[in-house]
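Each chain, written out:
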Amino acid sequence: MTREQIIARLKALLQKQTEFKGDVSTIHEATKIDQMGFDSISILDFMYDIEADFNVQTEVADLVKMQNVKDLVDYLASKLAAH
Amino acid sequence: MLGEPTLALKKLWHLILFGLARLALALTAVAPVGFMLAFTDAIGSLIFTILPSRARIAVDNLLAAGVAADEAAARRIGRKCFQSFSRMITETVIARERITPENWTDFVTLDATPEALALLRDPQQGAVVASAHLGNWEVAARAVSMIRPVSVVYRPMNNPYLERHLNSGRGGSNLHFISKYKASPLRFMKLLAEGNWLALMIDQHISEPGERVRVNFFGRPCWTTRSVAMMHLTTRMPLFVALAARTGQMKFRVHLLGPIQFQRSGNRDQDVLGITQSLTDEIEKIARRYPEQYLWGHRRWKE
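How each quantity is defined
- Residues numbered from 1 in each chain as written.
- Chains lettered and ligands numbered in written order.
- Predicted model: local features only at pLDDT ≥ 70, side-chain atom pairs only at ≥ 80, totals over all residues.
- Helix = DSSP H or I, 4+ residues; strand = E, 2+ residues; numbered from the N terminus.
- Rg over C-alpha atoms; globule rule 2.2 N^0.38 Å.
- Buried ≥ 20, exposed ≤ 12 C-beta atoms within 10 Å, placed from the backbone.
- Contact = placed C-beta atoms within 7 Å.
- pLDDT = per-residue confidence, 0-100.
- Axes fitted to C-alpha atoms, helices over the stretch in contact; angles between N-to-C directions.
- Parallel < 35°, antiparallel > 145°, perpendicular 65-115°, else oblique.
- Left-handed = near helix turned anticlockwise from the far one by under 90°.
- Nonpolar A, V, L, I, M, F, W, Y, C, P; charged D, E, K, R; others polar.
- Core = buried A, V, L, I, M, F, W, Y, C linked by C-beta atoms within 7 Å.
- Pairing = 2+ DSSP bridges.
- Expected span 1.5 Å × (residues − 1).

Asker: Just checking my understanding: could you explain the overall build of chain A for this structure?
Answerer: Secondary structure assignment for chain A yields four helices and zero strands. Taking 12 Å as the expected radius of gyration for a compact globule of 83 residues, we find that chain A reaches 12 Å, a close match to that expectation. Dimensions of chain A along its principal axes, counting C-alpha atoms only, are 35 × 25 × 20 Å. Burial analysis of chain A (83 residues in total) assigns 24% to the buried set. Of the contacts made within chain A by residues no fewer than 6 positions apart, 57% connect residues no fewer than 24 positions apart.

Pasting the structure below:
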């Protein structure tokens, strides 16, 4: 899966989330995770949905190191490559 | 919106309660513990008498939950519940001064499985802990913090005077309180990754639609936070219920229930409901054992 495909799937997941209040069209690799527009626990919903949709298992120690969307895409790309 | 007279009355009421609390807290420094606890019991009983609308909430909740067979029994348990809450504040202040890493087992008995104790003593292992307004929830957190770092998410009190006063010196070297209004899931995840045990209360009504799930508590549906279940599902940290029941004068039994096992289905809403109902069931079991120590005087079953 290419980086562009990963980002497209992440955006599709966000669009399906009724709790997400941010603007998906403004999200790109440099977007900071804490500025994506999550309110309260919607970021946890997003992380749960990533695991289910990409069929990967994330580790909390890795998740807390991520600063921006690029880090998340790198992480998912490496997880998918290891499959 | 509240009118001026109502606001003034509310402020006056807050100041009266603050004054009573200051008096009680000042006395804790000089008076014998037994006297202090009896004094605060009397304050709790007085509040039950002079706040009939609040007392009514407790009585109605007890009757609807089937915990009290009739009005007289509900009033008796309701009064004890008000005394328990009043006593909790005094105990908490005493506990801050007297419970130390060296002597905490003189005050607290920890009721946990060997597996739970092993996780509790693993310095790298974070955990998500659900708690409720039973017995003395601050002592529960303080006791666990004698073994490992604990971060507690709390809702600030409505009374701003009491809130400011009680919050000063509330934490400890291993015990941190985080206002729910300054909380964020990313911060929680970092704490968990660092080996903290993160405690959240799950027995309060939640009004925000995106943050709640409807579960049964004492056979009646109520809105409950989804955050504990989501934190567990996202981080896979062990999940516990912790409740500290009062067993005597400054004596507590901390029921550390878990780790609670749950097979995830892959359906987020279904998993959140299943986990939150399991946690709520555990709280109900303990609340049935100590009904006079549960906080019945709040609107838990609001629509």
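Asker: For this particular structure, what's the right way to read the overall build of chain B?
Answerer: A count of helices and strands for chain B gives 11 helices and nine strands. Here the C-alpha atoms of chain B give a radius of gyration of 19 Å, agreeing with the 19 Å that 2.2 N^0.38 yields for 303 residues. Seen through its C-alpha atoms, chain B measures out along the principal axes to roughly 50 × 45 × 40 Å. Within chain B, buried positions represent 42% of all 303 residues. For chain B, contacts bridging at least 24 residues in sequence account for 74% of all contacts bridging at least 6.

Asker: What is the right way to read the confidence of the model for chain B from this model?
Answerer: Note: predicted coordinates in regions of low pLDDT should not be interpreted at a detailed level. Confidence along chain B averages 91 in pLDDT terms, with 98% of residues attaining 70 or more. Across the interfaces of the predicted complex, the ipTM metric reaches 0.91, alongside a pTM of 0.90.

Asker: I'm lost on unusual backbone geometry in this one. Help?
Answerer: Across residues other than glycine, the phi torsion is negative in most instances, and most of the peptide bonds are trans. Residue B:G258 is joined to B:P259 through a cis peptide bond whose omega torsion reads 5°. Its identity is not glycine, yet A:N55 carries a phi of approximately 55°, on the positive side. On the secondary structure map, A:N55 appears in the loop between α2 (42-54) and α3 (60-63). Using a count of 11 C-beta atoms within 10 Å as the deciding quantity, one classes A:N55 as exposed. Positive phi outside glycine occurs at B:F218, with the angle close to 55°. Position of B:F218 relative to the elements: it lies in the loop between β6 (212-217) and β7 (220-225).

Asker: Even after reading the chapter, I still don't get the packing of helix α1 (residues 3-16) of chain A against helix α4 (residues 69-81) of chain A, so can you show me in this structure?
Answerer: Axis angle and axis distance: for two packed helices, these are the angle between their axes and the distance between the axes, and together they describe the pair. Residue and element names in this part refer to chain A. It is the contact of α1 with α4, at a shortest axis distance of 10 Å, that shows an interaxial angle of 110°. Between α1 and α4, the interaxial angle falls into the category roughly perpendicular. The interaxial crossing formed by α1 with α4 has right-handed handedness. In this structure, α1 contributes R3, I6 and I7 to the contact, and α4 contributes V73, L76 and A77. Residue classes in the contact of α1 with α4 are distributed as five nonpolar, no polar and one charged.

Asker: Just checking my understanding: could you explain the nonpolar core for this structure?
Answerer: A general trend in soluble globular proteins is that nonpolar side chains are found buried together. All names here are of chain B. Counting 96 residues, the largest nonpolar core has A140, A199, A242 and L243 as the members making the most contacts within it. Per-element tally for this core: the top contributor is helix α4 (residues 71-98), with nine residues. If we skip the residues at most four places from it in the chain, L243 touches S131, A132, L134, G135, A140, H255, I283 and I286.

Asker: Where do I start with the sheet that holds strand β4 (residues 175-179) of chain B in this structure?
Answerer: For sheets, the rule is that strands pair by backbone hydrogen bonds, running either parallel or antiparallel. All names here are of chain B. Ordered by their spatial adjacency, seven strands build an open sheet running β1-β9-β8-β2-β5-β3-β4, and the pairing between neighbours is mixed. With one partner strand each, in any of the chains shown, β1 (108-111) and β4 form the two edges of the open sheet. With strand direction ignored, the average angle separating the axes of adjacent strands in the sheet is 25°. When β1 meets strand β9 (residues 251-257), the two strands line up parallel, connected through four bridges. Residue V108 lies in a different strand from β9, and its bridge partner there is F252.

Asker: Where do I start with α2(A) in this structure?
Answerer: Helical geometry: 3.6 residues make up each α-helical turn, so side chains three or four residues apart lie on a common side. With 13 residues, α2(A) extends 18 Å from end C-alpha to end C-alpha; this agrees with the ideal 18 Å at 1.5 Å per step. Within α2(A), burial applies to A:S42, A:I43, A:L44, A:D45, A:F46, A:M47, A:Y48 and A:I50. Here the buried face of α2(A) lies against α1 and α3 of chain A together with α9 (185-193), α10 (227-235) and α11 (268-289) of chain B. Count one or two residues on from α2(A) and you reach A:N55, which has phi positive near 55°.

Asker: Would you take a moment to explain the environment of B:A58 for this structure?
Answerer: Residue and element names in this part refer to chain B. Secondary-structure assignment places A58 in helix α3 (residues 52-65). Sequence separation of A58 and G78 is 20 residues, and the distance between their C-alpha atoms is 5.7 Å. Residue contacts for A58: discarding those within four places in its chain leaves G78, C81, W296 and G297.

Asker: Even after reading the chapter, I still don't get the pairing of β6(B), so can you show me in this structure?
Answerer: Residues and elements named next belong to chain B. Only one face of β6 is buried, namely the one carrying V213, V215 and F217, since none of R212, R214 and N216 on the opposite face is buried. With six bridges joining them, β6 and β7 adopt antiparallel strand pairing. Considered in β7, the bridge of R214 is made with W223. Counting the residues in the hairpin turn of β6 and β7 gives two residues, including F218, whose phi is positive at 55°.

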